[in-house]
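Residues per chain, in single letters:
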Protein chains: 4
Amino acid sequence: MTAFDHPVLSAWVDDAETGMRMGWDAELAAMLRFEIALAATQSEMGLIPADAADALRRDLDGFRPDMDGLRRGTARDGVVVPALIAQMREATGAAGRHLHHGATSQDVIDTALMLCLADLLPRFAERLGDLEDRLAALSDRWGDRPLMAVTRMRDALPITVADRIAAWSSGVRVAREQVSRVRAEDMAVQLAGPVGTLGRFGDDGPPLRAALAARLDLRDPGGAWHTERGRLCRVGSALSVCCAALGKIGADIGSMAQDGTDAVQLDGGASSSMAHKVNPVDAELLIALALHAAAQNGVLGAAALHGSERSGPAWTLEWLALPPLVRTTGGALRATERLLAAIRRMGPRAPD
Amino acid sequence: MTAFDHPVLSAWVDDAETGMRMGWDAELAAMLRFEIALAATQSEMGLIPADAADALRRDLDGFRPDMDGLRRGTARDGVVVPALIAQMREATGAAGRHLHHGATSQDVIDTALMLCLADLLPRFAERLGDLEDRLAALSDRWGDRPLMAVTRMRDALPITVADRIAAWSSGVRVAREQVSRVRAEDMAVQLAGPVGTLGRFGDDGPPLRAALAARLDLRDPGGAWHTERGRLCRVGSALSVCCAALGKIGADIGSMAQDGTDAVQLDGGASSSMAHKVNPVDAELLIALALHAAAQNGVLGAAALHGSERSGPAWTLEWLALPPLVRTTGGALRATERLLAAIRRMGPRAPD
Amino acid sequence: MTAFDHPVLSAWVDDAETGMRMGWDAELAAMLRFEIALAATQSEMGLIPADAADALRRDLDGFRPDMDGLRRGTARDGVVVPALIAQMREATGAAGRHLHHGATSQDVIDTALMLCLADLLPRFAERLGDLEDRLAALSDRWGDRPLMAVTRMRDALPITVADRIAAWSSGVRVAREQVSRVRAEDMAVQLAGPVGTLGRFGDDGPPLRAALAARLDLRDPGGAWHTERGRLCRVGSALSVCCAALGKIGADIGSMAQDGTDAVQLDGGASSSMAHKVNPVDAELLIALALHAAAQNGVLGAAALHGSERSGPAWTLEWLALPPLVRTTGGALRATERLLAAIRRMGPRAPD
Amino acid sequence: MTAFDHPVLSAWVDDAETGMRMGWDAELAAMLRFEIALAATQSEMGLIPADAADALRRDLDGFRPDMDGLRRGTARDGVVVPALIAQMREATGAAGRHLHHGATSQDVIDTALMLCLADLLPRFAERLGDLEDRLAALSDRWGDRPLMAVTRMRDALPITVADRIAAWSSGVRVAREQVSRVRAEDMAVQLAGPVGTLGRFGDDGPPLRAALAARLDLRDPGGAWHTERGRLCRVGSALSVCCAALGKIGADIGSMAQDGTDAVQLDGGASSSMAHKVNPVDAELLIALALHAAAQNGVLGAAALHGSERSGPAWTLEWLALPPLVRTTGGALRATERLLAAIRRMGPRAPD
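Residues numbered from 1 in each chain as written. Chains lettered and ligands numbered in written order. Predicted model: local features only at pLDDT ≥ 70, side-chain atom pairs only at ≥ 80, totals over all residues. Heavy atoms only, no water.

1. Remarks on the overall build of chain A
When you go through chain A residue by residue, the secondary structure sums to 12 helices and 4 strands. Considering only intrachain contacts with a sequence separation of at least 6, the fraction spanning at least 24 residues in chain A is 75%. A total of about 10,800 Å² of accessible surface is found on chain A, and carbon and sulfur atoms cover 49% of it. The positive charge centre, built from 38 side chains, and the negative charge centre, built from 45, are 2 Å apart in chain A. (Helix = DSSP H or I, 4+ residues; strand = E, 2+ residues; numbered from the N terminus. Contact = heavy atoms within 4.5 Å. Areas by Shrake-Rupley, 256 points an atom, 1.4 Å probe, with all protein chains shown as cover. Lys, Arg positive; Asp, Glu negative; His and termini not counted. Charge placed at Lys NZ, Arg CZ, Asp CG, Glu CD.)

This is how it looks when you write it as structure tokens:
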């Protein structure tokens, strides 16, 4: 089991909301939404019969795929779409042949990913905003207490708790802005057809893509991004920045909780062998998640190297790298929420 | 969902056997086995009452943990062991207080990991050996056919199919030897107590550890390896080497399957938009898995940097990195098995 | 020798201009510029005597450091600044004590890095723009020739050379926009003092930082970014995206140059053993550089995890990761320039 | 400038001996040694005229290449060998045509790398052994002093300085054993010819390779390893393990030096703004180097994925990844040597 799907460990490292918004149900819903929206747009533009979209929508209402079939198909095709489309066509009547018209598997998968991210990233931004509020409240409560600044692992000069929290808030704000920006700028529809040229539609191609983008509340990328994955790199970078910002909070609270420093008091984790200890395990987790996120972002960067009109290896590597990065970020948000909520005191034990 | 636990994608990228041998049931069984074996050894050595081990074994027969409790405990403690031990003690009578005697959470988790790996790695080695057999059979069948060697992306000089397969076999053999070696040399018990000194046991400590190792069919490491993770780095390196060797087979078969080369014919995957195509998706997958494995091995190396007597961040990072690396390797084995089985022809379409 | 500073290999993998703009002479000049500008701004604001800045500028005109002294100081202090400031003070008269007033080592190093990047990134953007022009010219010359699209390692449907070049151009344009954006938005002064609070200056701190930023043509970050390295992550992401875009050109040209495809003809590299071969070595290099850049960007992300008010390990890791990433990007630009210039034909050997 | 070749920073992060043993002069000497040994072996076996090797050795005595020519050749060929061989042939008389007989560029480069590593790794092992001696001496001097064990960032139970040093020694010993093992087992000659089959030599091929290996004091790999890079992965893993072990010493000493702990006293680095501070900069450096090494080892693993008979991208990526990893290890050794030498006290300030 990877940690995020582990029946026990996930309770600590994972975030349920993130798992849900990026999970299979969300993916499937997004793929169906793409196909329905594509047909609706094509019906409106006269590219498929005017009543085909309605028929498809009606026929596919309540569609539940045969999972075994999807698994068999994915193992054969390296992507779920051919099997899914086949099942969808079976679930529809005559209109089925208008489904997925002119689209390719990557159009479905990439757009569905964008739809899921477009749903998730605003929640990440909101939760980062909530963390800023909590940090502000902590600063209000404890900010004027003295703290010894530490630079290069040594005590430096006196600062206040507010000074240190200000650095955390700055990091969280930057992360929120980055996440919001990629949501606003980089969530684009993919509609480019088998070889990226949207060729079947001739002059209708660009307006079709634009109209589909509008319908799905995504951006019109102005062309194919089958092999141009910069937008995913920007998502990855924002998430990595986010995990680093939260990781710093963890690193600092972990240090502040050390017995020799005792500049924070936490509720927290137990030891199986030393009953007196309260381990700052969420602080530790945040450090681990930040390092993990950075590495997965590196893999995502490698996955951005595509060849020809569609690179199976690169695209697959992206599927291996992005979900853990997203889950890591969700887990870091959750751990930070827990950690800040566990703070009982900041600054010296006996206030000045 | 990460790809390995994804309800659909896992059918392609994952290997069920690997998931099972490294899954929660296996982990739990290994943790129970550690605790029972520890008690048995301690009973024999007179460190706990002579009948305590039998009582514990009897009381824990059929023990099934309360998963919600384990999840709550793990979220609180950053490790499942305190909650698990508490549940185990509840399931036992008076002997319960002799459970986990002198051990720490990391002793349980690390040893359980070793037990799972010790179970899995021989299977990896066997499957690599089977692949060598399949390669030998392919070489027997098609080996004398001509092939154009390719160096630095250009045709070089004529070789034979046997020459290319020999390079694959060499890689698989090296991988098998590496995997076998880490199984033989690096699977060690962990028993070092709260701060790595096995302190509670005095002079009985080293013989206790040695006897426990023997009972669990693991090596006696001669000391603590709470913070010395070289053995896991060696496991990681072997798995990364394995994925690279299998990735080469994928890369080569993918190239050979290209239309301009046509030096292999495969059964295989479909396109949602181009019915005529057979995509070498397992070949592509192997390339992606090799790059993924290498990166996860890099993360595992970062996780080897521990501080003090137990580093929560480093240990947690290891939990994030190692399972995907193991699953990636399992997936690569499975993909190679499928890919080699899908070969219908090697060498030119019309044999010389 | 690392490849970028290797006396022979650098001729292939490195870009001289990048090495120069990020080299020691540029760094030293930027550090001097920071100190002079800081003094000038402080003189204007009355924070140091009005004539101190002029005296410092005069005394430091033509300043050349004692390199052995800098090396000894850096080995002792983990950063060059204390030794450099001491040498600069020796080179100045009474005004020397006003040098570096209220600043800390990280202010100097970080701002100097920003100044170097602010000088380099526009050149990267220009060169990317030039590559777009070259691609446009190639498309004009060869674009209407037929090409077989390749998806998932198999021939897909006919496209044109122009279609494939359009994908390259799209990637290069996106890279150029990213690089330009980080230049425009993320190049900020660092002035925060020993513990990030700019404390010595009280209410004068923020206007001092703003005025210094203006004088250096950098942005005012509105606070310390000693431990908030998001801007460097964005630089890293832009460079990684850039290398991926150029890497795709390499991967595609390498594939097109294959003997079975022969869709491009290149001038190029020789083999020591096979005189008939022309190896597309710059195409290969671009693939390697893209993978390398992605990994270094991952390291840069790990370096973004800071602790306390200044993390020596994180900052040092940044120094290890960023320069190779920058050099890799320079090398990729240079290799692409060479590769596109080496194209003699695109599309089939005998034009349709 | 990358840090290892930086005129100032290298004084801190680099190790001069490592730079020298892996530097250009060493590389060139190793390539010449390969060619001379190849000719000598071929003369003995009658594969080239009996006097050719002597003539070549004589003619090449004192050979110094034209560096500009090598740079031009490398930029053209993606490898130095064709230009180097051409220059060597110009420097020799009639025997020149027997130079490099049946070998390919990769044979020269790979074997030269092995020769350099075979020279360097024993020094690494020796220096690790010296560190073990220093640790033993520190343990003798300070080992009985009390120390508070720290697990999961919290004080755990009392141990002694000797206990902590024992963990360091264990890591260094394991690293030394790993380094020694790869030196003993993995340093192999490469001689496989243009396409890895050693084809030109027929039945003489294997004995030629074996004799050459013996002459160069390398192992006979029993075949080509042009595309099977497991031995380099094992080198990389050993170096990564080494850096982690040394990084732990750095992490621990950095923590022990903290003001709230004060369990070690060091000579050390200054701050440009806070004269009272002594920064444990070598401790910090060791942490950074360990994380850097782990990541470069990940890149090396990616470089192990070769395609066809010689993959230019993979081979080039190896050249980008391995030297920084080696240099990082050298730097970590040097930093540990400095750090241990700087220890003035371990344990509490006032001894018990």
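2. Some details on the interface of chain B and chain D
Facing the 54 residues of chain B at the interface are 54 residues of chain D. At the boundary of chain B with chain D, total buried surface from both sides reaches about 4,100 Å², with 59% on carbon and sulfur atoms. The largest per-residue losses of area from chain B upon contact with chain D belong to B:Arg152, B:Leu305 and B:Glu309, which jointly make up 17% of the total buried on that side. Counting across the chain B and chain D interface gives 4 salt bridges. The interface formed by chain B and chain D contains 18 residue pairs in polar contact (both at pLDDT 80 or more). In terms of residue count, the dominant contributor to the side of chain B that touches chain D is helix 10 (residues 230–257) of chain B (11 residues). (Buried area = accessible area lost by both parts, 1.4 Å probe. Salt bridge = Lys/Arg side-chain N within 4 Å of Asp/Glu carboxyl O. Polar contact = N/O pair within 3.5 Å; in protein donor to acceptor, adjacent residues only side chain to side chain.)

3. So, the pattern of salt bridges
Pairs can form between side chains of opposite charge whenever their charged atoms are close. Applying the stated criterion across every chain, the model contains 120 salt bridges over all chains. Two residues, D:Arg176 and D:Glu132, come together in a salt bridge whose shortest N-O distance is 2.3 Å. On the criterion of sequence distance, the pair formed by D:Arg176 in helix 8 (residues 161–186) and D:Glu132 in helix 7 (residues 105–142) is long-range, its members being 44 residues apart. Here D:Asp282 and D:Arg338 are joined by a salt bridge, their closest N and O atoms 2.7 Å apart. Remark: D:Arg338 occurs in helix 12 (residues 312–341) and D:Asp282 occurs in helix 11 (residues 281–303); sequence separation between them is 56 residues. By relative accessible area, which is 17% here, D:Arg338 ends up buried. One continuous salt-bridge network, built from bridges that share partners, spans A:Asp15, A:Glu17, A:Arg21, A:Asp119, A:Arg123, A:Glu126, A:Arg127, A:Arg334 and A:Glu337. (Buried < 20%, exposed > 50% of the residue type's maximum accessible area, 1.4 Å probe, protein only.)

4. Points about unusual backbone geometry
A positive phi angle, near 65°, is found at A:His100, a position not held by glycine. As for its position among the elements, A:His100 is in the loop between helix 6 (81–91) and helix 7 (105–142). Residue classification places A:His100 among the buried positions, given a relative accessible area of 5%. Positive phi outside glycine occurs at C:Ser308, with the angle close to 55°.

5. With respect to the packing of aromatic side chains
Applying the stated criterion across every chain yields a total of 8 aromatic pairs over all chains. An aromatic cluster of three or more residues is present, and its members are A:Trp12, B:Trp315 and B:Trp319. Above the plane of the ring of C:Trp142 lies C:Arg141, whose end atom (NZ or CZ) is 3.8 Å from the centre. The ring of C:Trp225 has C:Arg231 sitting right over it, with the charged end atom 4.9 Å from the ring centre. (Phe/Tyr/Trp six-rings, centres within 6.5 Å; stacked < 30°, edge-to-face > 60°. Lys NZ or Arg CZ within 6 Å of the ring centre and 35° of its normal.)

6. Comments concerning the confidence of the model for chain A
Mean pLDDT over chain A: 95, with 97% of residues reaching 70 or higher. Both scores are available for the predicted complex, with the pTM at 0.97 and the ipTM at 0.96. (pLDDT = per-residue confidence, 0-100.)

7. Brief notes about helix 10 (residues 230–257) of chain C
With 28 residues, helix 10 of chain C should cover 40 Å at 1.5 Å per step; its first-to-last C-alpha distance of 40 Å lies within 8% of that length. In terms of burial, helix 10 of chain C is a largely internal element, 27 of the 28 residues being buried. (Expected span 1.5 Å × (residues − 1).)

8. Section: the relation of the copies chain B and chain A
Expressed as a screw operation, the relation of chain B to chain A combines 0.0 Å of axial shift with a rotation of 180°, fitting to an RMSD of 0.0 Å. Accordingly, the operation relating the two chain copies is best matched by a two-fold axis. Of the C-alpha atoms belonging to chain B, the one lying closest to the rotation axis is found on B:Asp5, 3.3 Å away. Comparing contact sets, 98% of the residues at the interface of chain B also lie at the interface in chain A, consistent with an isologous, same-surface contact. (Least-squares fit on C-alpha atoms with pLDDT ≥ 70 in both.)

9. Focus on the relation of the copies chain B and chain D
When chain B is brought onto chain D, the operation consists of a screw motion whose angular component is 180° and whose axial shift is 0.0 Å, with 0.0 Å RMSD remaining. Both copies present the same face, since 100% of the interface residues in chain B are matched by interface residues at the equivalent positions in chain D.

10. A look at the interface of chain B and chain A
Listed by partner, the interface residues are 61 residues for chain B and 60 residues for chain A. Here chain B and chain A share an interface that buries about 5,100 Å² over both sides, 68% of which is from carbon and sulfur atoms. Taken together, the connections running from chain B to chain A amount to 0 salt bridges. Per-element tally for the side of chain B that touches chain A: the top contributor is helix 11 (residues 281–303) of chain B, with 11 residues. Split into classes, the residues belonging to the side of chain B that touches chain A amount to 34 nonpolar, 19 polar and 8 charged. (Nonpolar A, V, L, I, M, F, W, Y, C, P; charged D, E, K, R; others polar.)

11. Quick notes on the side chain of A:Glu228
Following the sequence through the fold, A:Glu228 ends up in the loop between helix 9 (205–215) and helix 10 (230–256). Among buried charged residues, A:Glu228 stands out as having no salt bridge; its nearest opposite-charge side chain is A:Arg231, 4.5 Å away. Those residues in contact with A:Glu228 that lie beyond four places of it in its chain are C:Ser170, C:Gly171 and C:Val174.

12. Quick word on the packing of helix 12 (residues 312–341) of chain C against helix 11 of chain D
At their nearest, the axes of helix 12 of chain C and helix 11 of chain D sit 8 Å apart, and the two run at 50° to each other. In terms of axis orientation, helix 12 of chain C runs oblique to helix 11 of chain D. Remark: the crossing between helix 12 of chain C and helix 11 of chain D carries right-handed chirality. On helix 11 of chain D, the residues touching C:Gly312, C:Pro313, C:Thr316, C:Leu317 and C:Leu320 of helix 12 of chain C are D:Glu284, D:Leu285, D:Ile287, D:Ala288, D:Leu289, D:Leu291 and D:His292. Class assignment for the residues of the contact of helix 12 of chain C with helix 11 of chain D results in 8 nonpolar, 3 polar and 1 charged. (Axes fitted to C-alpha atoms, helices over the stretch in contact; angles between N-to-C directions. Parallel < 35°, antiparallel > 145°, perpendicular 65-115°, else oblique. Left-handed = near helix turned anticlockwise from the far one by under 90°.)

13. Here we look at the environment of B:Ala118
Residue and element names in this part refer to chain B. Within the secondary structure layout, Ala 118 lies in helix 7 (residues 105–142). Each C-alpha atom, one on Ala 118 and one on Ser 311, is 24 Å from the other, the two residues being 193 residues apart in sequence. Setting aside residues no more than four positions away along its own chain, Ala 118 makes contact with Arg 183, Met 187 and Leu 218.

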